[in-house]
Amino acid sequence: MPESVENKTANALAEAEAAAEQAQLPRRRDRRRGDDSDAWTGTMPIISSNQAEQRPTTPSASWAEAAAAADAPTRPQPARPANDPMRKPPAPESAPAVPAQPTRSTRSASRAAALADAPVPDFISSPGLFVREQKPRPVGGFRGALYNLTGGGLNLGPSARQREEDELARRISRQLQGSYNTAVLSLKGGIGKTSTTVGVGLTLAEFRGDPPCAIDANPDSGDLVERALGEGIYQQQSPRTITDLLKNVDSVDSLTALARYMHHAGRLHLIAGEQDPEVSDSLTAEEYLRIRKLISGYYSVALIDCGTGVTHNAMSGILQSADNLIIAAGYAVSGAKRARSTLHWLASHGYEDLARNAVVVITDKDEVSTRVDKDAIEEHLSGICRQLIAVPHDRGVADGDLVTLDVLRPETRRAYREIAAAIVDGYV
């Protein structure tokens, strides 16, 4: 069947439109090449060398430079043409502004400021922040036995008695700024003055880091060194005395030179008194003060065994330079009265501070009978002194021979520790 006129006309129009479309393609391609636009093809635009952002090609010398380069603001990009199809449309005016993010340097500075303001724990001032506090180790008794049996696994801590002993040791061993001396005196002989000097001196030497010194200033041939060393050992040594030291005091310029005139009972250093009766009472107040000045340059604690009485030649110099006193007394009515009389004499002769701060030591040397009211004697003396300490009867003291801490009863050693602590209390 022959094709109709209408179909022929429609086919002709379609062919004409296809030919027109093919003719437009070269013209469109030429137009895109002219304005450097690749929006139709989707390929990357050609960027010239002067438009490309310059980047460093060498690595940074350090981490700090790299961090600074990373924190530096980026270079602004050139504005795109308004008709650029790759340009993003502007944000709507109603959108909230996004806060600027802090840079790495700003964050580092903020952290550094926060750490500077925060308290820094210290290992010395605040050890409890780093180490758990450990209970002291118990010594002796049930607590010590339980600690040893469990290998330290069960520690009940020290008993009340041990805590008291530790506190005495702390008081005795305190560090002193300067040199101090204590005079030990009495109005009656044979009541424990020299034995107290030796026992307290050995106790100070046991607990203190620096050795103490004891000086025999007894004008009546004192036996301080014999009681500390023993009669036999003292006779074997060179019998240098305080008189020998006075003769050469100007030439003693070091502890080594001074040691030639000293005797040693362990860590207790002693200066012997004069044994010759003809010169034993010749020590004057001025001579004693020269000895005291020399000793103060090398010893922080010195004990002075003054002998009997308070009126002999050297006594004014001893009392003038003393920091505190020990008044020796005994458990007898006469001994208590003499101790009280000594304190009244001191208070009325310009030594009121020494009398008020004195330590009265009552030694039960003769083991008095039960007829003596010890409580009444202690009450009679306790109100006129700083402290009253009783030393129980002990054969190691009563025999009048060598005094060593090893052979003394525990109660006697504790009494000497109390006296030593009371002495150091008077220094600080």
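Placed above this text is the structure.
Residues numbered from 1 in each chain as written. Predicted model: local features only at pLDDT ≥ 70, side-chain atom pairs only at ≥ 80, totals over all residues. Heavy atoms only, no water.

A. Structural view of the pairing of strand 6 (residues 324-330). Burial runs high along strand 6: seven of the seven residues are buried. Across four bridges, the pairing between strand 1 (residues 180-186) and strand 6 is parallel. By the bridge assignment, Leu185 is partnered in strand 6 with Ile327. Taken together, the five bridges between strand 6 and strand 7 (residues 359-363) define a ladder with parallel strand orientation. In the sheet register, Ala329 faces strand 7, and the bridge partner there is Ile362. (Buried < 20%, exposed > 50% of the residue type's maximum accessible area, 1.4 Å probe, protein only. Helix = DSSP H or I, 4+ residues; strand = E, 2+ residues; numbered from the N terminus. Pairing = 2+ DSSP bridges.)

B. Summary view of the side chain of Thr363. Mapped onto the secondary structure, Thr363 falls in strand 7. Assessed through its relative accessible area of 5%, Thr363 is described here as buried. Among residues more than four places away in sequence, those in contact with Thr363 are Ile191, Gly192, Thr196, Ala329, Gly330, Tyr331, Val391 and Val397. (Contact = heavy atoms within 4.5 Å.)

C. Examining the pairing of strand 2 (residues 213-216) more closely. Residues Cys213 and Ile215 line one face of strand 2 and the alternating positions Ala214 and Asp216 line the opposite face, and both faces are buried. Sheet analysis places strand 2 next to strand 4 (residues 268-271), joined by three bridges and oriented parallel. Opposite Ile215, over in strand 4, you have Ile271 as the bridge partner. Both strand 2 and strand 5 (residues 301-308) contribute to a ladder of four bridges, which runs parallel. Bridged to Asp216 within strand 5 is Asp305.

D. Just the pattern of salt bridges, in detail. Taken as a whole and judged by the stated rule, the model has 16 salt bridges. The partner of Asp425 in a salt bridge is Arg174, and the shortest N-O contact between them spans 2.2 Å. Of this pair, Asp425 sits in helix 17 (residues 410-425) while Arg174 sits in the loop between helix 5 (160-172) and strand 1, and the two are 251 residues apart along the sequence. Between Arg413 and Glu206 there is a salt bridge, and its shortest N-O distance comes to 3.5 Å. One end of the pair, Arg413, is in helix 17; the other, Glu206, is in helix 6 (residues 193-207), and 207 residues separate them in sequence. (Salt bridge = Lys/Arg side-chain N within 4 Å of Asp/Glu carboxyl O.)

E. Representation of the packing of helix 13 (residues 333-348) against helix 15 (residues 374-382). As a packed pair, helix 13 and helix 15 sit with axes 10 Å apart at the nearest point and diverge in direction by 5 degrees. By the angle between their directions, the pair helix 13 and helix 15 is classed as roughly parallel. Contact residues: helix 13 offers Ala336, Ala339 and Arg340, while helix 15 offers Ile377, His380 and Leu381. The residue makeup of the contact of helix 13 with helix 15, split by class, is four nonpolar, one polar and one charged. (Axes fitted to C-alpha atoms, helices over the stretch in contact; angles between N-to-C directions. Parallel < 35°, antiparallel > 145°, perpendicular 65-115°, else oblique. Nonpolar A, V, L, I, M, F, W, Y, C, P; charged D, E, K, R; others polar.)

F. Representation of the sheet that holds strand 8 (residues 387-391) within the structure. On the basis of which strands lie adjacent, the open sheet formed by eight strands has the order 3-4-2-5-1-6-7-8 and mixed pairing. One side of each edge strand has no neighbouring strand; the edge strands of this open sheet are strand 3 (263-265) and strand 8. Strand-to-strand twist across the sheet, computed as the mean angle between neighbouring axes with direction ignored, equals 25 degrees. In this sheet, strand 8 lies alongside strand 7 in parallel orientation, the contact comprising five bridges. Looking across to strand 8, one finds that Thr363 is bridged to Val391. In this fold helix 17 packs onto strand 1, strand 5, strand 6, strand 7 and strand 8, with an angle of close to 155 degrees to the strand it touches most, strand 8.

G. Representation of the nonpolar core. Formed by 46 residues in total, the largest nonpolar core has its most connected members in Ile295, Ile318, Leu325 and Ile327. Those residues in contact with Ile327, other than ones at most four positions away along the chain, are Leu185, Ala339, Thr342, Leu343, Leu346, Ala358, Val359, Val360 and Val361. Within the second largest apolar cluster, 39 residues are counted, among which are Ile172, Val225, Ala421 and Tyr427. (Core = buried A, V, L, I, M, F, W, Y, C linked by side-chain atoms within 4.5 Å.)

H. Quick look at the packing of aromatic side chains. As enumerated under the stated definition, the model contains one aromatic pair in all. When the ring centre of Tyr261 is taken as reference, the NZ or CZ atom of Arg240 above it lies at 5.3 Å. Its end group placed over the ring of Tyr331, Lys374 keeps NZ or CZ at 5.0 Å from the ring centre. (Phe/Tyr/Trp six-rings, centres within 6.5 Å; stacked < 30°, edge-to-face > 60°. Lys NZ or Arg CZ within 6 Å of the ring centre and 35° of its normal.)

I. Structural context of the environment of Ile172. Secondary-structure assignment places Ile172 in helix 5. C-alpha separation for the pair Ile172 and Ala422, spaced 250 residues apart in sequence, amounts to 8.2 Å. Residues within four places of Ile172 in sequence aside, it is in contact with Thr203, Leu204, Phe207, Arg208, Arg417, Ala420, Ala421 and Val424.

J. Structural detail: helix 11 (residues 285-296). Helix length check: helix 11 (12 residues) gives 16 Å between terminal C-alpha atoms against 16 Å at 1.5 Å per residue, within 8%. Listed as buried for helix 11 are Ala285, Tyr288, Ile291, Arg292, Leu294 and Ile295. (Expected span 1.5 Å × (residues − 1).)

K. Representation of the environment of Leu303. Its place among the elements puts Leu303 in strand 5. We classify Leu303 as buried; its relative accessible area is 1%. Distance from Leu303 to Val200, taken between C-alpha atoms, is 8.8 Å for residues 103 residues apart in sequence. Here Leu303 is in contact with Thr182, Thr197, Val200, Gly201, Leu204, Cys213, Ala214, Ile215 and Ile423, once residues within four sequence places are set aside.

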